[in-house]
Structure formats: C-alpha cells, structure tokens
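Remarks on the overall topology
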Amino acid sequence: STRNCPCKMSQLPPKSPLASPVSEGMNSRVEALDNLSMDSFWLEVENIKQSAETEQEECSLADVKTQEEGEAEAEWLQDAGLSDLLGDRASDNDNMVLLSTLTRTQAAAVQRRLDTYSRSRRRKNKPHARDVRDIFGVVSSEDTAAEKEEPSPDPLWHNLRTANAQRKTQDYSCTVRNPGKEEVFNMDVAYSEQAAVLLKGSFLSESRKSKDGNALTKFKIPKGRLGVTRIGDLSAQDMKKIPTLALIELTALCDILGFELKRNKAAKLKTTEKRLFGVPLNTLLENDQKLLPNTKVPLLLQALLSCLEKRGLETEGILRVSGSQTRIKSLEQKLEREFYTGLFHWDEVHQNDVSGLLKRFIRELPAPLLTAEYLPAFAAVQNIPDLKQRLQALNLLILILPEPNRNTLKAILEFLSKVVARENNNKMNLWNVSTVMAPNLFMHKGLPNKIPEGKEKQLAEGAADVVRMMIHYQDLLWTVSSFLVAQVRKLNESNSKRYQFRDKRIKNLLRKIHSDKDKVEKNQTEPSKIVKVHASLLLKDSLEVHLNNATRVADVLRQFQKNLCQNGWNIVNTVNLLKCNNSMDCTSLLLYEVGGNIGEHCLDPDTYLLDLYHVNPHAEWIIKQNPSYPRMF
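Just so you know, these numbers come straight off a predicted model, no measurement behind them.

Some details on the overall build of the protein chain
- Within the protein chain, the secondary structure is distributed over 26 helices and 13 strands.
- Buried residues in the protein chain amount to 52% of all 633 residues.
- Long-range pairs, those at least 24 residues apart, make up 82% of the contacts in the protein chain between residues at least 6 apart in sequence.
- A total of about 30200 Å² of accessible surface is found on the protein chain, and carbon and sulfur atoms cover 48% of it.

Structure, rendered in structure tokens:
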C-alpha cells in the first residue's frame, strides 16, 4: 500500500495490482510495454511522495477548476489570437490577417470552436459570437436560414468526423515500423493536412518494446530549397507569432485524429520567499539577467547540469539512485543562502545528491515545466497511434511552450542525452532515464488527482514514452516547420500592406484559404540575380554575389572568406574574426535574412539563395559571427 500525499502529487498514482492492460486502441497498434521494467518509475514516485510527506508543503497551485460550456472555447480563441471574434464590436483587420494564413483544416478548427461558443452563448441568452463568414462579408440566404437552427457542420469536418467514427469501430490495420529504418519527416505541408490525406489509410506504428534508442525509427527532415529553420533561428518578434499558429495547427491535427485537445485552466501562482527553489522561471531569469544579461536558462539549473556533466555522467545509476533526502534538503537551504555569493562549493557535493537537487528543482517549480495548461496534452500524446503523428503533436506542443520553459526543457533534455550516451558506464539506457524523469515532469503537487481506475499502468508507461521521445528526437522537435515559417511570412506581409479588409473583393475564408497556393510559381522566369551581402560589423565593404539556381548560403560564406583572405578587405574589427591556419573559419559565420516579410532569420547553410530571394525580394542579407562560436582573441 502507498500513503496518500498531502499535496495531491498523485497525478500519476502508484502502480495498482489491478491495473488493466493498455486500451484496445493502443493494443491494436503496438505491443504493450510489459517487458520493459517500470520499477524505476514507481520507485521515483515513492521517493517524491516521501519527500513531500516529510516537509508537509503547501500546494503552490490552486486546483484546476472545471470549465463551463463555452468557456474552454473562449479561452482557446483568445490564446489563438482570435479573441475579437467573441464580441460584437471587433477589429476585423488583425483577425483577417491571421485567418487569411490558415490552411483549410486549420480554418475548420477555428470555425468549430466559434460554433460551439455561439451555441453556449445562445443558451445563456447572450449575444452570440461573430461568424467567420460575417468577417469575410459572405453570408448566403441558405446560411442565414441555417443559423436559425443548429449551425451546419463544415463539410470537411463532417467527412473527417464520419471517417473517424468508422475507424473507432474497427481495429487499426497497423504495420509495425522497421526498427532503425530512416523515414522522411515532412515539414513543408501542415501536419493536419497530411493527416487528412492519410485518414483513410492505415497507420504505421513503432514497437515500444525496445529499451534503447538504437532500434527506434529514424526520421530525416528533407531540406527543401529554403533549408531548415531551428528554434532560435527566428527573431523574438517572429517567434511570438509561432505559438498562436502552432496552437491552431495542433487543434486541427487533434480534430482530424479524433482526439480531444485537453487544456487545464491556468492557475494563480502563490508567492514564495525563496530565491531559487519554488520560484517561477520568469522570476529566476529576471534575477539572473541582472547578473548575466541574455541568460536564457536559470543559472542554478546551469550549475546543477554542469556539475553532473563533469563528475556524474560516469556514475552508475545516476538519476535512478536517490541521494539522502536529509542532505538534499540541507543543500537546498545552503544554496538559497550562498549560490549568488559564489561561496557554494560543488566539489564537496555527492553526485547522487546533485541529481536529487536537479529533480527537486523541476518538481518545485510553482507551475509544471510543461505548463499547467498543456500538461494534459503532453500526456495525451501517447494515445495517438502513429509515431510520426505523435512527434508532430510534440513538435507543436514544444513550440507552444513559453520561451523560458522551452529553453529550460531543452537544457535538461540535452543533459539527459549525454547520460544515455554513457550507458556502458552509468548503466542508464534511454528507457531507464525516461522512467526516472517522467514522474518529475508529469507529477505536480498543484494538479488534481483524476486518474481513471485501472489506467495507472497505461498512463505511467505513456508518460515515460513521451519523455523517451523528447530525449531521442529532440533535434527534430526543436525545428520550426516550413509551413509555419511561411505563415509567419504571410502575416508580416499582410501587416505591412495594411489591407483594407472591408473591401468587397475579400472572399469567404474557406474559399480564400488556398488562393495563393493555387497560383503558378513564377520564380523560374528569373534564372539569376546579382545581390549585395553586407557584413557591417566585420567589414566596411559589401560582397557582390551572383546568384543562380545552385547558389547556397555555404557558397556565399566561402566566397566571403576567399575574398577576405586574398583581396585584403578593410577589416573593421579583427576581434570579430576567427582565424584558423591563417584563414578565417567560415563555420564561425552565419548569414541572416533581415527585413521584408521576416524580422530576422538565421539561414540554413543549404538554403538556395535565389529561391529565397524570390520569396523575400525586399530583405537584406547580412553576415554575422556565430554567437555560440568561441572567440580566440
């Protein structure tokens, strides 16, 4: 038997001897994880409970309240940047700009939530939300008649819902993926559009019985002509647009797959007198940035990870073997007093205690690292049958995370990858690490315990599997899909042109949504172009580049290096140049696309510049030093 935790930390309760097998849907696509040991998971749960019972801590989050009908839809529309649609007096411009960038499946997701919200408002005798069709000024007599009754479902949604209903009554005809096989991960087309095409086909599922990452399916992102964009390549201004677009796309994907996107209501955080543990990430970063500007990951977390990387990666059972709870609590109090003074000596701390502090730091955050709002969505990813679609959902969820949470999560996952890479010495393979870390990421004392009876085992294995995917596929998950970048460009273009959206030429959303995509590309008509590339921080001169269909970013950087060394350009600041064997190392330089329909975009070395020029002809191209590259002067 297991004692009850005073802080409701049983978001994932202890293993029950009566736990039912994995649900029928999951059984049909993969074999269960029965052969994988979950002992580390349940041991970690028990350690967390004992730690909480010893301290009798207060919950740092209020319990999540059940939302009334229509409230969830209103909150979703607000988070999706469409809150103006909820009122009678709305500014059409901002809504129109966003709506005009959506795909057909994304637009259908927006319309469904507006319809649900409108029905709930009518039941409460309140003014109903505006219909998307009203914004576009196209309302037929048939539509008006239909509004007097229940709104007619979107044809696409009706077809998808019917198909999903039929599939739920059938067994998934899954083909197990070949372990280790490399597959294409398409980021050019919206995930929801891909799912709609594949709706009538069978899913490929990946066997989850392997305990290591070597047998997991390998995915390759095909590089298009515009290259691949990673998180961090876009300016802060453009990245602010990504979560909104990712939320709409994730909702559309879940709608098509027949899964409800569950979100908790954000809860109010309680203040604390501590400076490190139990402090919101934003507060930690604000304090740290006063000491080190541009800090993106809390300094305490950096110190914990650095200590473990130096002396803990070779330690057998690191993360799994728990340190002394008494020592860990004492170390926490000492860190609160001495960390910012520089008097704390990490060399004197046992590595298992440091790993305990790391897990404690994650658990003690006032809100879950994966956020209270989206923790249920992360947990629900396990219910998606297809591995590729699970990764698509995870990719979008990570893009939705606030920047401090996303950066902190990435730092932790990079460390966990290093632990797995030393498996031969520390005896911690990918599955071991995942089972130990899952309770620390998915259990939180401020969230209510609402686990259906008999589902403990399934939820525990699912949480561990989600952590395993985040560790193993983190490079893929921290990529911004090309279709999202294209939507950001379109948003910027629309804002800069300041469209007059009341113009009668604007059509209905669902008819307009693909108008630009149906146009024939005219880029082929200009086979070459001469442009100037600037390097104002490095040189007084600009580089004139002749572009053709084969010119890539890497070619321009090599040309820049060659001209610099051979022609003796006038160097502004030699400190900004990295030299190796009497020549500049071009890997220390990056080419940025600045302005036009993008804020600032660090370009993939394999980007074809003539194609990029046609996409954004008004941008400037600027060479800068790689900020992460070490300086030698």
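Additional details are given in the paragraphs that follow.
Things to note about the environment of Q382
- Note that Q382 resides in the loop between α16 (375-380) and α17 (387-400).
- Taking the C-alpha atoms as reference points, Q382 and A464, separated by 82 residues in sequence, lie 9.5 Å from one another.
- Within the local environment of Q382, its side chain forms a polar contact with the backbone oxygen of A379, the two atoms lying 3.3 Å apart.

Observations regarding unusual backbone geometry
- Even without being a glycine, N294 presents a positive backbone phi close to 70 degrees.
- In this fold, N294 is placed in the loop between α12 (281-291) and α13 (299-311).
- Since its relative accessible area comes to 69%, N294 is described here as exposed.
- Phi at K427 takes a positive value of approximately 60 degrees, unusual for a residue other than glycine.
- By secondary structure assignment, the location of K427 is in the loop between α19 (423-426) and α20 (430-442).
- Residue classification places K427 among the partly exposed residues on the basis of a relative accessible area of 43%.

Section: the packing of aromatic side chains
- One pass over the structure, following the stated rule, counts eight aromatic pairs.
- Each ring, one from F185 and one from Y191, has its centre 6.1 Å from the other, and the planes form 75 degrees; the classification is edge-to-face. Side by side, F185 and Y191 carry an identical accessibility label, which is buried.
- Both rings, one in F344 and one in W346, keep their centres 4.7 Å apart while their planes meet at 65 degrees; by these two values the pair is edge-to-face. The burial state of F344 is the same as that of W346; both residues are buried.
- Taken together, the ring pairs connect F185, Y191, F219, Y473 and F483 into an aromatic cluster.
- We note R225 situated over the ring of Y608; from NZ or CZ to the ring centre the distance is 3.8 Å.
- Across the ring face of W478, the terminal group of K410 is positioned such that the distance to the ring centre comes to 5.7 Å.

Section: the environment of N352
- Summarising the element assignment, N352 is placed in helix α15 (residues 351-364).
- On a C-alpha basis, the gap between N352 and G323 in space is 4.8 Å, while along the polypeptide they are 29 residues apart.
- Discounting residues that sit within four places of it in the chain, N352 has contacts with T315, G317, I318, V321 and G323.

Side note on the pattern of salt bridges
- Scanning the entire structure with this criterion turns up 20 salt bridges.
- A salt bridge links D79 to R263, with the nearest nitrogen and oxygen atoms 2.8 Å apart. You can see D79 sitting in helix α3 (residues 71-79) and its partner R263 sitting in the loop between α11 (242-257) and α12, a full 184 residues away along the chain.
- The class for D79 is partly exposed, based on a relative accessible area of 35%.
- For R263, a relative accessible area of 15% translates into the label buried.
- Salt bridges here are not isolated pairs; linked through shared partners, they connect K223, R552, D555, R558, D604 and D606.

Things to note about α13
- In a regular helix each residue adds 1.5 Å, so 13 residues correspond to 18 Å; α13 covers 18 Å between its end C-alpha atoms and thus fits that length.
- For α13, the complete set of buried residues consists of L299, L300, L301, A303, L304, L305, C307 and L308.
- Contact partners of the buried residues in α13: α12, α14 (325-338), α15 and α18 (403-421).

Let's talk about the nonpolar core
- Among the nonpolar cores identified, the biggest contains 128 residues, and L319, F378 and M470 are the most heavily contacted of them.
- The element that contributes the greatest number of residues to this core is α11, accounting for ten residues.
- Those residues in contact with L319, other than ones at most four positions away along the chain, are E44, S355, L358, K359, F415, L416, V419, M428, V433, V436 and M437.
- Counting residues in hydrophobic clusters, the runner-up holds 20 residues, among them V556, L557, L612 and Y613.

Let's talk about the environment of R119
- Residue position: R119 is located in helix α5 (residues 104-123).
- Taking the C-alpha atoms as reference points, R119 and G70, 49 residues apart in sequence, are found 8.0 Å from one another.

Digging into the side chain of T229
- Counting through the fold element by element, T229 comes out in strand β5 (residues 229-230).
- By relative accessible area, which is 5% here, T229 ends up buried.
- In this structure the side chain of T229 is engaged in a polar contact, spanning 3.0 Å, whose partner is the side chain of H601.
- Not counting chain neighbours up to four residues away, the residues in contact with T229 comprise L234, T479, V480, V485 and H601.

Here we look at the sheet that holds strand β13 (residues 620-625)
- Reading across from one edge, β8-β7-β13-β11-β12 is the order of the five strands in this open sheet, with mixed pairing throughout. Of all the strands in the sheet, just β8 (543-547) and β12 (598-602) have a single pairing partner and so form its edges. Taken over all neighbouring pairs, the strand axes of this sheet differ in orientation by 30 degrees on average, direction set aside.
- Relative to β8, strand β7 (residues 529-534) runs antiparallel, the two sharing five bridges. Across the sheet, residue I530 finds its bridge partner in β8, namely H546.

Focus: the confidence of the model for the protein chain
- In the predicted model, the protein chain carries a mean pLDDT of 76, and 66% of its residues have values of at least 70.
- Scored below 50 in pLDDT, residues 1-35 shows 93 contacts in the model against residues more than four places distant or in partner chains.
- Counting interchain partners and residues more than four positions distant, the pLDDT-below-50 stretch residues 572-584 has 38 contacts.

Some points on the pairing of strand β11 (residues 589-595)
- Most of β11 sits inside the fold, with five of its seven residues counted as buried.
- Note: β11 against β13, six bridges, orientation antiparallel. Looking across to β13, one finds that Y592 is bridged to I622.
- The sheet contact formed by β11 and β12 spans four bridges and is antiparallel. Looking at β12, one finds that Y592 is bridged to C602.

Procedures and definitions
- Residues numbered from 1 in each chain as written.
- Predicted model: local features only at pLDDT ≥ 70, side-chain atom pairs only at ≥ 80, totals over all residues.
- Heavy atoms only, no water.
- Helix = DSSP H or I, 4+ residues; strand = E, 2+ residues; numbered from the N terminus.
- Buried < 20%, exposed > 50% of the residue type's maximum accessible area, 1.4 Å probe, protein only.
- Contact = heavy atoms within 4.5 Å.
- Areas by Shrake-Rupley, 256 points an atom, 1.4 Å probe, with all protein chains shown as cover.
- Polar contact = N/O pair within 3.5 Å; in protein donor to acceptor, adjacent residues only side chain to side chain.
- Phe/Tyr/Trp six-rings, centres within 6.5 Å; stacked < 30°, edge-to-face > 60°.
- Lys NZ or Arg CZ within 6 Å of the ring centre and 35° of its normal.
- Salt bridge = Lys/Arg side-chain N within 4 Å of Asp/Glu carboxyl O.
- Expected span 1.5 Å × (residues − 1).
- Core = buried A, V, L, I, M, F, W, Y, C linked by side-chain atoms within 4.5 Å.
- Pairing = 2+ DSSP bridges.
- Axes fitted to C-alpha atoms, helices over the stretch in contact; angles between N-to-C directions.
- pLDDT = per-residue confidence, 0-100.

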